[in-house]
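Overview (structure and organization)
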Amino acid sequence: MTPHILIAGGGIAGLTAALSLHAVGYERITVVEAARRIRPIGAGLNLMPDAVRELDALGILDRLETHAVRTRELRYYHRGGGLICREERGLRAGYRWPQLSLHRGHLQQVLAEAVRRRLGADAIVGGVRVNCLAVLPDGRTRVQLQHRDGATRGLASFEPDVLIGADGIRSAVRAALNPGEGEPPWNGHLVWRGVSRMEARRAAPFMLVAGDDRHKAVVYPLTEPSPGRREVLVNWALTMPADALDDPGDHGRGDWDRRVPVGRFLHHYAGWRFDGVSVPDVLRATDAAFEYPMVDREPLARWSHGRTTLIGDAAHAMYPVGSNGATQSVVDARALAHAMATHPGPAEALRAYEEARRPAMTELQLANRGLGPEAVINLAHQRAPGGFLDIDDVIPPRERREIAARYAGTGAFDPATVNLGSPYEVPVGAALP
Ligand SMILES: Cc1cc2nc3c(=O)[nH]c(=O)nc-3n(C[C@H](O)[C@H](O)[C@H](O)COP(=O)(O)OP(=O)(O)OC[C@H]3O[C@@H](n4cnc5c(N)ncnc54)[C@H](O)[C@@H]3O)c2cc1C
């Protein structure tokens, strides 16, 4: 009999892991998700070409592209409006796969539908949390399933053959493996996100990142422009130190559905305009605004313990810089399934997965604390706080190229490496004993 694999968490990482493990031949897979229903919560996110390549290999790219933008260009701006640099992205930058900007909810729905279609309607159990009781001497973990209120009536405690902690930044599986770690550290900044409905002619066809050393704005479309389309969806995200607010208030634990009025921060972005895109106009057109403290996780010295491991944010939550949160979760899931298919036992497989992924993810977590590719914005502000006439006098082209290339090299997501094709393909059914 094939092993029973329990995946804690039905976010991007957990659902992609279920599809990936099924694709290499595992059949007894259960995804346990704390939310009652998988709902389209959140705002937009970006999938870099390496993740898109893996989702293509899983056969769901066409469905994703029904509601996604092929991102072609990214522009960095000085707060005063000056263009610092522009980068071609995705297919335009020579990748064989596009970079996609899409709503997190759409990605999650497409993944969940595919899991139910391929693994069965019962493969995702909603409204139930995984609680880890003990790591046993044989390397398995005893888990107790709980209702959302903590009650256990009617729910089992058992030892799955393999436990995958895909339960996000406040992972219960991670906490069991690392008792005493506590809450995710906060860097004192707040993040606001939302999706706006705009007249198509007022939305730019590129992704923009703008700001200074304290305030940042990211704006990009979530709808492909097409003749005759009058309204498009535009994603926006802002960051700012909480101490710059008149009333920093209580920003809670960082739940993704914490709604706040736009008036809380709008005035800090007055006059922000970049090649025709007015940030205040985008903010005023939003459906809702959500506040989140900028938190990440310290890199861990170990992800895998016996037959239990971590993927996605549970393993390496990082600041939302450089479009890597969802991207790396997808790649983790595929790497894990590949390791499970190519090693004789789960414990060896989980160790091999960790060896393949942890060093690069640690580097990326640390690079994101240093602002990743957005470091050019701080540099431009530091050298020319009042703006500039010619960016070449402020940051020479070579220095700008070096900053971008250094970050792309961190996660091995440069075009030459990505275009080699997926390193995670295995013959169908390779995992069957
Ligand atoms: C509701 C929500 C909205 C988000 N919105 C955005 C956004 O707008 N933009 C963006 O870039 N990123 C967003 N993110 C984060 C982004 O999805 C992740 O950074 C990235 O995709 C990594 O995914 P993940 O699957 O590792 O973690 P997550 O996406 O956090 O998924 C973890 C899942 O595990 C579930 N879970 C938690 N604890 C348990 C438990 N004990 N047992 C069972 N299940 C558990 C959670 O309900 C969640 O569905 C959001 C995350 C969430 C949960």
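As the structure is a prediction and not an experimental result, all values here were calculated from the model.

About the thresholds
- Residues numbered from 1 in each chain as written.
- Predicted model: local features only at pLDDT ≥ 70, side-chain atom pairs only at ≥ 80, totals over all residues.
- Domains from an automatic or database assignment.
- Contact = placed C-beta atoms within 7 Å.
- Nonpolar A, V, L, I, M, F, W, Y, C, P; charged D, E, K, R; others polar.
- Core = buried A, V, L, I, M, F, W, Y, C linked by C-beta atoms within 7 Å.
- Buried ≥ 20, exposed ≤ 12 C-beta atoms within 10 Å, placed from the backbone.
- Helix = DSSP H or I, 4+ residues; strand = E, 2+ residues; numbered from the N terminus.
- Pairing = 2+ DSSP bridges.
- Expected span 1.5 Å × (residues − 1).
- Axes fitted to C-alpha atoms, helices over the stretch in contact; angles between N-to-C directions.
- Parallel < 35°, antiparallel > 145°, perpendicular 65-115°, else oblique.
- Left-handed = near helix turned anticlockwise from the far one by under 90°.
- Near = placed C-beta within 6 Å.

So, the domain arrangement of the protein
Partitioning the protein into structural domains gives domain 1 (5-41 + 103-183 + 298-370) and domain 2 (186-295). The gap between the C-alpha centroids of domain 1 and domain 2 is 30 Å. In this complex, domain 1 contributes 5 residues to the contact, which on the side of domain 2 involves 8 residues. In terms of residue class, the side of domain 1 that touches domain 2 is made up of 4 nonpolar, 1 polar and no charged.

Thoughts on the nonpolar core
Among the nonpolar cores identified, the biggest contains 125 residues, and Ala17, Ala18 and Val115 are the most heavily contacted of them. No other element matches the 10 residues that helix α8 (residues 325-342) contributes to this core. Of the residues that make up this core, three or more belong to each of domain 1 (5-41 + 103-183 + 298-370) and domain 2 (186-295).

Digging into the pairing of strand β2 (residues 29-33)
Of all 5 residues making up β2, 4 are buried, and the element is well covered by its neighbours. The pairing of strand β1 (residues 5-8) with β2 spans 4 bridges and is parallel. Pairing of Ile7 across the sheet is with Val31, part of β2. Here 3 bridges tie β2 to strand β8 (residues 124-126), and the two strands are oriented parallel to one another. Within β8, the residue paired with Glu33 across the bridge is Gly126.

Examining the sheet that holds strand β20 (residues 289-295)
Two orientations exist for strands paired in a sheet by backbone hydrogen bonds: parallel and antiparallel. As summarised here, the arrangement of the 8 strands in space is β6-β5-β14-β15-β16-β13-β20-β17, forming an open sheet in which the pairing is mixed. The sheet is open, and its two borders are formed by β6 (83-88) and β17 (259-260), each paired with just one other strand. Pairing analysis gives 4 bridges linking strand β14 (residues 207-211) to strand β15 (residues 216-221), with the strands arranged antiparallel. What sits directly across from Gly211, in β15, is Lys216.

A short note on helix α1 (residues 12-23)
With 12 residues, α1 should cover 16 Å at 1.5 Å per step; its first-to-last C-alpha distance of 16 Å lies within 8% of that length. For α1, a buried count of 12 out of 12 residues is recorded, marking the element as mostly surrounded by other parts of the structure. Ile12, Ala13, Gly14, Leu15, Thr16, Ala17, Ala18, Leu19, Ser20, Leu21, His22 and Ala23 are the residues of α1 that are buried. Considering only its buried residues, α1 is in contact with β1, β2, α4 (104-119), β12 (162-165), α7 (313-316) and α8. Backbone geometry just after α1 places Gly25 at a positive phi near 120 degrees.

With respect to the packing of α8 against helix α9 (residues 346-369)
It is the contact of α8 with α9, at a shortest axis distance of 8 Å, that shows an interaxial angle of 155 degrees. For the element pair α8 / α9, the angle class is roughly antiparallel. Every pair of crossing elements has a handedness; the one defined by α8 and α9 is right-handed. Contacts between α8 and α9 involve Gln328, Asp332, Ala335, Leu336, Ala339 and Met340 from the first element and Pro346, Ala349, Ala352, Tyr353, Ala356, Arg357, Met361 and Leu364 from the second.

Remarks on the site of the ligand
Around the ligand, 31 residues are found, and the nearest of them are Gly9, Gly11, Gly42, Gly168 and Gly312. When residues of the shell around the ligand are traced back to their parent elements, those giving at least two are α1, β2, β9 (128-135), α7 and α8. Its residues assigned to classes, the shell around the ligand comprises 16 nonpolar, 9 polar and 6 charged.

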